[in-house]
Amino acid sequence: MKRVGNIWQDAVSIENGVAAVIDGTRNKRGNREVQCLLYTDKGHWRQINPDKAREYVEPICEELSKKEWKHAKPRYKKQFCRNRTSGKGKWRDIYVPNLKDHIVAHMIIRASMKAFTRGMHPNCCGSVPGRGIKHILKNVERWFREDLTCRYFVKLDIRKFFDNIDGDILKAVFRTKIKDKDILWALDQIVDSAPVACPVGYYTSPWFANLYLEKLDWHIVQDLYKVRRGERIPYVRHYLRYADDMLLIGTSKSDLRKAVRDIKEYLHEHFGLEIKPEWEIKKIGKHEFLNGEWKMKPGTYWCDIGGYKFCKDATIMRDGIFLGSRRLAKKIYKQGYATGHQLKGMMSEIGWAKHCDSYTFFENDIKPYIHIKKARRLIGDVDKERKRRTDKTVTV
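Numbering of residues begins from 1 in every chain and follows the order in which that chain's sequence is written. The predicted nature of this model means local features are confined to residues of pLDDT at least 70 and side-chain atom pairs, given and counted, to a pLDDT of 80 or more, with totals for whole chains, interfaces and linings taken over all residues. Excluded from the side-chain calculations are hydrogens and water; all other atoms, namely the structure's heavy atoms, are used.

A. A look at the confidence of the model for the protein. Overall, the predicted model of the protein reaches an average pLDDT of 89, with 94% of residues at or above 70. Below pLDDT 50 for its whole length, residues 390-396 participates in 6 contacts with residues either more than four positions away or in separate chains. Residue-level confidence of the predictor is summarised by pLDDT, bounded by 0 at the bottom and 100 at the top. Contact between two residues is taken to exist if any of their heavy atoms lie within 4.5 Å; hydrogens are not considered.

B. Spotlight on unusual backbone geometry. Not every positive phi belongs to a glycine, and Asn-6 is a case in point at roughly 55°. Segments assigned H or I by DSSP are reported as helices when at least four residues long, segments assigned E as strands when at least two residues long, and all are numbered from the N terminus. By the element assignment, Asn-6 lies in the segment before α1 (8-11). Three labels apply to residues, based on accessible area from a 1.4 Å probe with only protein chains included: buried if under 20% of the type maximum, exposed if over 50%, partly exposed otherwise in between. A residue is classified by how much of its surface remains accessible, and Asn-6, at 73% relative accessible area, is exposed. Positive phi, normally seen in glycine, also occurs at Ala-243, with a value near 60°. Residue placement: Ala-243 occurs in the loop between β7 (238-242) and β8 (245-250). On the basis of relative accessible area, Ala-243 is assigned to the partly exposed category, the value being 28%.

C. Inspection of the sheet that holds strand β9 (residues 282-283) at higher detail. For two strands to pair, DSSP has to find at least two bridges joining them. What the 5 strands build is an open sheet, ordered β3-β7-β8-β4-β9; its pairing is mixed. Two strands close off the open sheet at either side, each with one partner strand: β3 (124-125) and β9. In this sheet, β9 lies alongside strand β4 (residues 152-157) in antiparallel orientation, the contact comprising 2 bridges. Across the sheet, Tyr-152 pairs through a bridge with Lys-283, a residue of β9.

D. A look at the sheet that holds strand β13 (residues 308-310). Taken together, the 3 strands give an open sheet; going across it, the order is β12-β13-β14, and neighbouring strands pair in antiparallel fashion. Taken across any chain shown, the strands that pair with only one partner, and hence form the sheet edges, are β12 (303-305) and β14 (315-317). Across the sheet, the mean angle from the axis of one strand to that of its neighbour is 25°, orientation sign disregarded. By the bridge criterion, 3 bridges tie β12 to β13 in an arrangement that is antiparallel. For Ile-305, the partnering residue across the bridge sits in β13 and is Tyr-308. Contacts from helix α6 (residues 133-146) reach β12, β13 and β14 within the one sheet, and its direction differs from that of β13 by about 10°. The convention used is that axes are lines fitted to C-alpha atoms, helices contributing only their stretch in contact, and that angles between N-to-C directions extend from 0 to 180 degrees.

E. Quick look at the environment of Ile-263. Its place among the elements puts Ile-263 in helix α11 (residues 253-270). Once residues within four sequence positions are removed from consideration, Ile-263 is found in contact with Leu-156, Leu-216, Ile-220, Leu-224 and Leu-248.

F. Inspection of the pattern of salt bridges at higher detail. For this analysis, a salt bridge means a side-chain nitrogen from Lys or Arg found within 4 Å of a carboxyl oxygen belonging to Asp or Glu. Tallying each qualifying case throughout the model produces 20 salt bridges. A salt bridge links Lys-67 to Asp-182; its shortest N-O distance comes to 2.7 Å. Residue Lys-67 is located in the loop between α4 (50-65) and β1 (75-82), and its partner Asp-182 is located in helix α8 (residues 181-191); the two are separated by 115 residues in the primary sequence. A relative accessible area of 22% means that Asp-182 is categorised as partly exposed. In this structure, Glu-293 engages Lys-295 in a salt bridge whose closest nitrogen and oxygen atoms are separated by 3.4 Å. Bridged by salt links that share partners, the residues Asp-23, Arg-26 and Arg-110 form one connected network.

As structure tokens, this is what we get:
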């Protein structure tokens, strides 16, 4: 594959820096450093002022051009991260870079995005523009409902993936994609700035992780097959990866078992990674009418990925999202009022139900407790009041 070069000047340009500031601070407008870059007039509430952003990135671009920039040591913290889609969580080691290094990371990724996405598997999801939850929803539904040969599936998860990424292997992967030495210098600086190559908390880590497993994606799709009567029959009929979670769909248990065995050997040999032992090959679920009601056919199971649960004839929300939505709706109803944060959370939960077969859930567990139109109007009023208070504080 032809490598990408001559992207350093685009990376260190003022225009790229301003765009990186706007994108990189989108959810950080409460940060004190970021507030210095906002408009002060009432017509542009919580928006980045391009003139101030330009003044901020000019010295950064100059440092990068002269190669005087060095990634500072990130701030470490141990944080309990709750999985929004499952309702569960675990303690994670978080490394938080300062604002300047965060903006530089955005500048480098914006310039290198063409190189990173070239050759990427089309069903590599997570942190890739246009390949989010909706991409997973559309593809898995299509595979389960239209491809009648799909009967079994298996989900694989890599053990402590981000903590066990090898920095030397990652740098070698960079050099198979990019030939610009200046960009490679900046990428190496980011990799060497923390105790692990892809620390949780860096903007670059999901991109590096997808790049790291790109060879595995194509190995699963192209190299795992059997030959019957001169025809190549793949072990894996459909494949999708969301970060370090892999979904393999096949026509038989034996084919998927061979694929899993090969994937485990490939990961251990090339990357030194291991698959969690909790994997299990299951038959794709399907409903049947029993005793006057529709029930899941015995011996078949839901496929749980991306916040949704899939079967041959239905798609529903994951249990954690379902329970969280119902509890939040009842809590708002009992207390008789709702904060702006609760209302926005409720609208977000309703958004999950909108794209699946959850109409009964919406009618029975949400609609009796929440007035949707009123909630949307109140969210607008809360935002307007916050804007008014902010403008008043700024003008004073």
